[in-house]
Amino acid sequence: MAETPEEPVGPADPAVPVDPVEDHDDSGLELARAIARGLAGRTPAQGARGLGRSPGRGRRRPVVEPRVSGARPDDRDPQTVDASLGRFVAEQGWASELRVHGVFARWEAIVGREVGQHVRPETLSDGRLSVRTDSTAWATQMRLLAPDVVRRLNEVLGDGTVTVIDVAGPRGPSWTRGRLRVKGRGPRDTYG
């Protein structure tokens, strides 16, 4: 018998390309490459079926292009902590409260060291700032300084934030409880 060279066995259709590898093994890496070539050009929505249909439905799923960031900054770009907190505070409506508490923390720097050592802010509500002094002499002094302090606070907080300062003197001792208790009005003297 005469030997004839074997012709490569391929598909009958000449339009289908023949794999150049003669000893083709459809396992492992070659199988993965074949699947990847078959899926090339399809969107994730089309999947392995290539139909663009969701399982169990006859309608085509719309292809949604992912939004990409442009040349200008937007909310999807990385943000600093300061900008994120500022936006959060504005959304919650805490801006004026934080300014007020910031003033309470910087009280001595705003009103001066000497006044700040003897006068402490307690509350700010509806434009009324309540302060407490450590002596009756400082209560009198604070009543005289009130217009100047109101002006300084409004410069920091914004116009109209503080309209009136209520000055309270020092708290005196109470004799209503304790080992030594006095019935009646108790001693009436000025403290401070």
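Up top you'll find the structure we're talking about.
Reading guide: rules and limits
Residues numbered from 1 in each chain as written. Predicted model: local features only at pLDDT ≥ 70, side-chain atom pairs only at ≥ 80, totals over all residues. Heavy atoms only, no water. Helix = DSSP H or I, 4+ residues; strand = E, 2+ residues; numbered from the N terminus. Buried < 20%, exposed > 50% of the residue type's maximum accessible area, 1.4 Å probe, protein only. Contact = heavy atoms within 4.5 Å. Areas by Shrake-Rupley, 256 points an atom, 1.4 Å probe, with all protein chains shown as cover. Polar contact = N/O pair within 3.5 Å; in protein donor to acceptor, adjacent residues only side chain to side chain. Core = buried A, V, L, I, M, F, W, Y, C linked by side-chain atoms within 4.5 Å. Pairing = 2+ DSSP bridges. Axes fitted to C-alpha atoms, helices over the stretch in contact; angles between N-to-C directions. Salt bridge = Lys/Arg side-chain N within 4 Å of Asp/Glu carboxyl O. Patch = residues over 30% accessible without salt bridge, like charges linked within 9 Å, V, L, I, M, F, W, Y side chains within 5 Å. Arc of directions from axis to C-beta.

### Here we look at the overall build of the protein
Part 1: The helix and strand inventory of the protein stands at six helices and three strands.
Part 2: If you list the helices and strands of the protein from N to C, you get α-α-α-α-α-β-β-α-β.
Part 3: Out of the 192 residues belonging to the protein, those deemed buried represent 16%.
Part 4: Here the analysis covers contacts within the protein between residues at least 6 apart in sequence; of these, 41% occur between residues at least 24 apart.
Part 5: As displayed, the protein has an accessible area near 15,500 Å², and 54% of this comes from carbon and sulfur atoms.

### Looking at unusual backbone geometry
Part 1: At Asp126, a residue that is not glycine, the phi angle is positive and equals roughly 50°.
Part 2: Note that Asp126 resides in the loop between strand 1 (119–125) and strand 2 (128–133).

### Focus: the side chain of Asn154
Part 1: Mapped onto the elements of the fold, Asn154 is located in helix 6 (residues 136–157).
Part 2: Residue Asn154 is classed as buried on the basis of its relative accessible area of 12%.
Part 3: One polar contact links the side chain of Asn154 to the main-chain amide nitrogen of Val162, over a distance of 2.9 Å.

### Some thoughts on the nonpolar core
Part 1: Grouped together as the largest cluster of nonpolar side chains are 21 residues, with contacts concentrated most on Trp107, Leu129, Val131, Met142, Leu153 and Ile165.
Part 2: Looking at this core, the elements with two or more residues in it are helix 3 (95–105), helix 4 (107–111), strand 2, helix 6 and strand 3 (164–168).
Part 3: No other element matches the eight residues that helix 6 contributes to this core.
Part 4: For Ile165, the residues in contact, after removing those within four places along its chain, are Leu129, Val131, Met142, Ala146, Val149 and Val150.

### Concerning the sheet that holds strand 3
Part 1: Read across the sheet, three strands follow the order 1-2-3 without closing on themselves; strand pairing throughout is mixed. Each end of this open sheet is capped by a strand with a single partner; those strands are strand 1 and strand 3. Each strand of the sheet is rotated relative to its neighbour by a mean of 25°, with strand direction disregarded.
Part 2: As judged from the five bridges shared by strand 2 and strand 3, these two strands associate in the parallel manner. Counterpart to Arg132 in the pairing with strand 3 is Ala168.
Part 3: Against the sheet, helix 3 engages strand 1 and strand 2, with an angle of about 170° to strand 1.

### A look at the pattern of salt bridges
Part 1: All chains considered together, the criterion is met by seven salt bridges.
Part 2: With its nearest N and O atoms 3.9 Å apart, the salt bridge here joins Glu108 to Arg120. Of this pair, Glu108 sits in helix 4 while Arg120 is found in strand 1, placing the two residues twelve residues apart along the sequence.
Part 3: For Glu108, a relative accessible area of 33% puts it in the partly exposed group.
Part 4: Across the salt bridge formed by Arg132 and Glu122, the nearest N and O atoms sit 3.1 Å from each other. Taken together, the residues Arg132 in strand 2 and Glu122 in strand 1 connect sequence positions ten residues apart.
Part 5: Through salt bridges with shared partners, a single ionic network connects Asp148, Arg151, Arg152 and Glu155.

### Considerations on a nonpolar patch on the surface
Part 1: There is a patch of nonpolar side chains on the surface, built from Leu31, Ile35 and Leu39 and spanning about 230 Å² of accessible area.
Part 2: Looking at the secondary structure, you find Ile35 in helix 1 (residues 29–39).
Part 3: Looking at Ile35, the relative accessible area reads 47%, which means it is partly exposed.

### Notes on helix 3
Part 1: Within the span of helix 3, buried status applies to Val100, Val103 and Phe104. Buried positions in helix 3, seen along its axis, are confined to an arc of 105° and lie on one side of it.
Part 2: In this structure, the buried residues of helix 3 make contact with helix 4, strand 1, strand 2 and helix 6.

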